[in-house]
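Reading the structure
This is what each chain is made of:
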Amino acid sequence: MDFGVLGPIAAWQDGKSVPVGGPRQRCVLGVLLVELGKEVTVERLIDLLWDGDPPRTARSIIQVQVSHLRRSFPGLIQTTAGGYLAQTDPDQVDLHRFRNLAARAQERGATEEAAALWEEALACWRGQPFSGTGSELLWYTVCQPLLEERWAAVAAWAEVDFALGNHVELAARLTPLVRKDPLRERLHFLLISALYRSGQRLTALSTFHEVRKALAEELGVDPGRDVMELYERMLHDHDTDPAAEAAREEPAETASPPGKAETASPGLSDGQPARNDLPRDIPDFTGREADLDRILEIGARGEERAEVCVITGPGGTGKTTLAIHAAHRLADRYPDAQLFVDLYGHTVDQEPVTARTALASLLRAIGVDPEALPDDTDERAALWRASLAGKRVLVVLDNAATSRQVLPLLSAAAGSLTIVTSRHDLAGLSGTRYVALGMLDTETSVDFFTTVLGAERVGREPDAARRVVALCGGLPLALRIVAGRMLSRPRWTFRHVEERLGQQHRRFHELRIEGQSVEAVFELSFQSLNAEQRETFLRLGLMIGGSVDLYGAAALIDRDPPDADDLIQELVSVCLVDEQGVDLYRFHDLIGAYARHRAFQELDEEEIAESRRRLGAYYLRAAQRATEWLGPRAHDYEVGEAADSRYREEWRSRSEAVDWFDKHRENLASMVSHYAESRQGRNAWQLAHALWRFYAVHGQTELWLSTHEQALDASRADNDDMGSAVTLVGLGIAHCLSGRLESALSLLEEAREIFVRLGDEAGEIRVFANLAVVYERMGRYEESAAALDRTIAYAVATGDQALEALQRTNLGGLHQAMGNLEEAVRHCEAVLRIQVEPGSMATHASALRTLGEVNTRRGDYATAREQLERALRLFLDMGDTTGEIYTRNNLGCVLRETGDIEGALAAHRLALELGEKTAQRSAEAEVLNDLAVTYARAGRYIEARSSHEEALDLARDRNERYAEAKALAGLAALPASTVPADEARSLLSEAAEIFAELGVPEAQEAAGELKRREG
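Residues numbered from 1 in each chain as written. Predicted model: local features only at pLDDT ≥ 70, side-chain atom pairs only at ≥ 80, totals over all residues. Heavy atoms only, no water.

Bringing helix α43 (residues 941-958) into the picture now. Between its first and last C-alpha, α43 extends 26 Å over 18 residues, near the 26 Å set by a 1.5 Å rise per residue. Packed against the buried residues of α43 are α33 (741-758), α42 (924-937) and α44 (961-972). (Helix = DSSP H or I, 4+ residues; strand = E, 2+ residues; numbered from the N terminus. Expected span 1.5 Å × (residues − 1). Contact = heavy atoms within 4.5 Å.)

Time to look at the nonpolar core. Ranked by size, the top nonpolar core spans 162 residues in total, and within it Phe449, Val518, Phe537 and Trp660 carry the most contacts. The contact partners of Phe449, leaving out residues within four places of it in the chain, are Gly454, Val458, Ala465, Val468, Val469, Leu479, Val482, Ala483 and Phe494. Trp118, Trp125, Leu138 and Ile192 belong to the second largest nonpolar core, which has 83 residues in total. (Core = buried A, V, L, I, M, F, W, Y, C linked by side-chain atoms within 4.5 Å. Buried < 20%, exposed > 50% of the residue type's maximum accessible area, 1.4 Å probe, protein only.)

Counting along an α-helix, one turn takes 3.6 residues, and residues three or four places apart therefore face a common direction. If you check helix α40 (residues 881-897), its first and last C-alpha atoms are 25 Å apart, about what 17 residues at 1.5 Å a residue would give, namely 24 Å. Most of α40 is tucked away: 16 of the 17 residues are buried. The N-cap of α40, judged by a side-chain oxygen 3.2 Å from the amide nitrogen of Thr882 a few residues on, is Asp880. Two residues or fewer after α40 comes Gly899, characterised by a positive phi angle close to 95°. (Polar contact = N/O pair within 3.5 Å; in protein donor to acceptor, adjacent residues only side chain to side chain.)

On to the pattern of salt bridges. The final tally for this structure, using the stated rule, is 53 salt bridges. Note that Arg858 and Glu822 form a salt bridge whose closest N and O atoms lie 2.7 Å from each other. Taken together, the residues Arg858 in helix α38 (residues 842-858) and Glu822 in helix α37 (residues 821-833) connect sequence positions 36 residues apart. For Glu822, a relative accessible area of 59% gives the class exposed. One connected set of salt bridges, linked through shared partners, spans Arg956, Arg961, Glu964, Glu990 and Glu997. (Salt bridge = Lys/Arg side-chain N within 4 Å of Asp/Glu carboxyl O.)

Our next topic: a negative patch on the surface. Negative charge collects at one region of the surface, where Asp47, Asp51, Asp53 and Glu136 lie side by side. Locating Glu136 in the fold gives a position in helix α6 (residues 136-163). (Patch = residues over 30% accessible without salt bridge, like charges linked within 9 Å, V, L, I, M, F, W, Y side chains within 5 Å. Areas by Shrake-Rupley, 256 points an atom, 1.4 Å probe, with all protein chains shown as cover. Lys, Arg positive; Asp, Glu negative; His and termini not counted. Charge placed at Lys NZ, Arg CZ, Asp CG, Glu CD.)

What follows deals with the packing of α42 against α43. Relative to each other, α42 and α43 sit at 160°, their axes nearing to 8 Å. Judged by the inter-axis angle, α42 sits roughly antiparallel to α43. Considering only the axes of α42 and α43, their crossing is left-handed. Here Glu924, Ala925, Leu928, Asn929, Leu931, Ala932, Val933, Tyr935 and Ala936 of α42 come into contact with α43, specifically with Tyr941, Glu943, Ala944, Ser947, His948, Glu950, Ala951, Leu954 and Arg958. In the contact of α42 with α43, the residues fall into eleven nonpolar, three polar and four charged. (Axes fitted to C-alpha atoms, helices over the stretch in contact; angles between N-to-C directions. Parallel < 35°, antiparallel > 145°, perpendicular 65-115°, else oblique. Left-handed = near helix turned anticlockwise from the far one by under 90°. Nonpolar A, V, L, I, M, F, W, Y, C, P; charged D, E, K, R; others polar.)

This part takes up the sheet that holds strand β1 (residues 2-4). Strands sit in the order β1-β2-β3 across an open sheet of three strands; the sheet is antiparallel. Of all the strands in the sheet, the pair left with one neighbour each is β1 and β3 (16-17). (Pairing = 2+ DSSP bridges.)

Locating Val927 in the fold gives a position in helix α42. For the pair formed by Val927 and Arg985, sequence separation is 58 residues and the distance between their alpha carbons is 24 Å.

Let us now look at the side chain of Asn399. Within the element layout of this structure, Asn399 appears in strand β10 (residues 393-400). When neighbours within four sequence positions are excluded, Asn399 is seen to be in contact with Asp342, Leu343, Tyr344, Gly345, His346, Thr347 and Thr421.

Here you go:
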């Protein structure tokens, strides 16, 4: 594994990029890698992430980030007394590799070997360290020192290269470097010297003047003595060896040199009025504020270089509108001319304008006599650049087709700005700033309708307006067409427009007005593709779901992944496909609709079915293999033929499998729907069954329910008893975790009847295992224990240790709830003795959590905390949110009992937040009850009552008897000022009855307290 901090924080495995996580996670990893082998305290990490203003949960957030990193990079991060440290081979981290190479180069002096080492060291840099992460403190204390190390290495490399006489190459490579920081005077000295020694005296003199001007404007000083003396020699062409000057240490300041000589340039004479060819700016420009600010910031950079800004995006995203609007805003900064040229890169019945023709238009626009225009394109380009020397000119090159078309048209004059719009990414233009346009978000789109149609019209139907925005996919052209039609038809409502756009076969017909057409815009892009690219575009239009990864795309187009990647990247370059992440692709909504429309027009039914069969086979095969990392296979059955796919993604850890599921959660659900709708019932239930464990662990209850309900309908339609029974079990578990216990019981009993009829004992045992969970939630503890005993007996008889471990864990938890602590410990310790696969540590984590709860009840809080923290680490490593929720809540109880009330409250709240965020509601009543007890311990009785009452409502709604009794008893325990005595006695009496029914230890305690109060 290799890591990078000299640029965006990154990691690679065998040369392939590995996801690092969000900005906070990248920041934590980066800081640990910078301080490789040294402790970084939690306090320092908090400062670097939040700049002295952390949230109350900062420590927990850091812990979560570290846990995620440990899951992604096992063995990298160690816990220390005060924080964490990263430990790996320094050569695997680009920063430490860079430092090692720099030290070796320094030792070798001015030699070829040193030059090669400096080159290798500088090649470690990919950009600005920590870009997009951290705080202002991190910038000043970590990033800036790293950048200074780089500049020192650049200077050392330049000194060596100069001493070796590589003047021409050095000048070429130093020129762009010094422009990034014009105050690096030593590098300027070496650049001017290299230019001079390579015979480029005039360029060297010009570079001196640029340096002198930059220093005067920035610092109000002149160049130092070395630079000034070099200038004097160049001015009088003294043939001395500048290499001797390069050996000097720090230059000193001296007097100013003579003034800069004036140069004349053709065209754009001072007496000529400024030319302004910009088209009209639209009065209702809305949205794109961030993109506009980016362009304005580029245009306001000053005079140190010729700026080029390329605006890219699919057709209809408003590239030209944005370019023209920005140009009008910037016009005052470019008083010598504001020019506009349409290059017709994507225009109906119009060939793209050649660079030669465009140059003729531009040269005539700035006053060059048409008779004086050279014939050769290169000569015209040279005249164009010379004509703009010393001028501040803004040029908009609209609708560019290729980099080759644009390159000769770019100004080289410092202080000029060229804005280029294109549907291609124009990667061949170096040194440019890019602004990539996507679709407008919902709020911006609604604001546009408000601007054009008025607040009153939009305000009458806000929900319908949002639905129209969704149907337009946020495409500015589509929004403008809809707004134009509604302006000319004042009686039209958004609901009426929604109905018209909602008819798939008419959508593109509706999105056209007076020569403007969304379909025509996409058609131009499509027609510009070659045959192979068109085929790829059409096949991708057949994707099931909103995105597709490289292997799924390869399946759709029937190519090997490397070949598929090449073809898809070509579509990404022309902005027809969006690269959502590494090897993950999607269409913008309307482009996707167009791709599907064209695919169904041009491909026959057999081709469409075969492409989707291959995609489905990839998803089914991958899901069945990925779910094996999440736990033992729940039920054994013959895998369907559709799972035979040659497109395979490999996973090396549970976290990678979870990431795959997470990336495809919606696509997989859509695939189940496709199978069900196309009467492929067997594939539908097998894919749904492969998904349930991921949905369970990550709180995707709605997707869980919808996929299983569709799979059940398909199985019943096929009279597939096995499919029906397996799917009923999955539905039963989903209903149980959603708190619908009676429904869960009914579904599981129906599944058991089918398994008995089929003679499938393993299936029947699986039902008993899940019935035990439902019984436990309902307070039917004896029935739960009996079901678990039967399941464990089967597991022991068949030698299924994974099943035995799982069910002993459940039985240990049940005995803990019933107060049978010794039995709970016996079962949990038996679980810990069973060897499990690295990807199946959930049983060990759950056993540790139960042991932590047992020791909390015994008052052994130190042991309890140690066991719970071990369990939490395992749950975090596995990405098991359900286990994390329960364990954090249990840790809150330990913290409360040891006097850390604030820590306890934070733990309970984090458990609730995780449950809400992931829709994991099964623990909610339990957590609320424990939170209420902690509030009461802190004397915050109003908040305690509110939490207990919320828990009571949830428990009664879900028939969770134990949680109901806990809430009643907790309310009864509050002071009379919060819960009056008569009410408290009634609540306690009700709690005592339920505890007695359940046969739990709390029954005796509640009865004793009730007797004391009544006496």
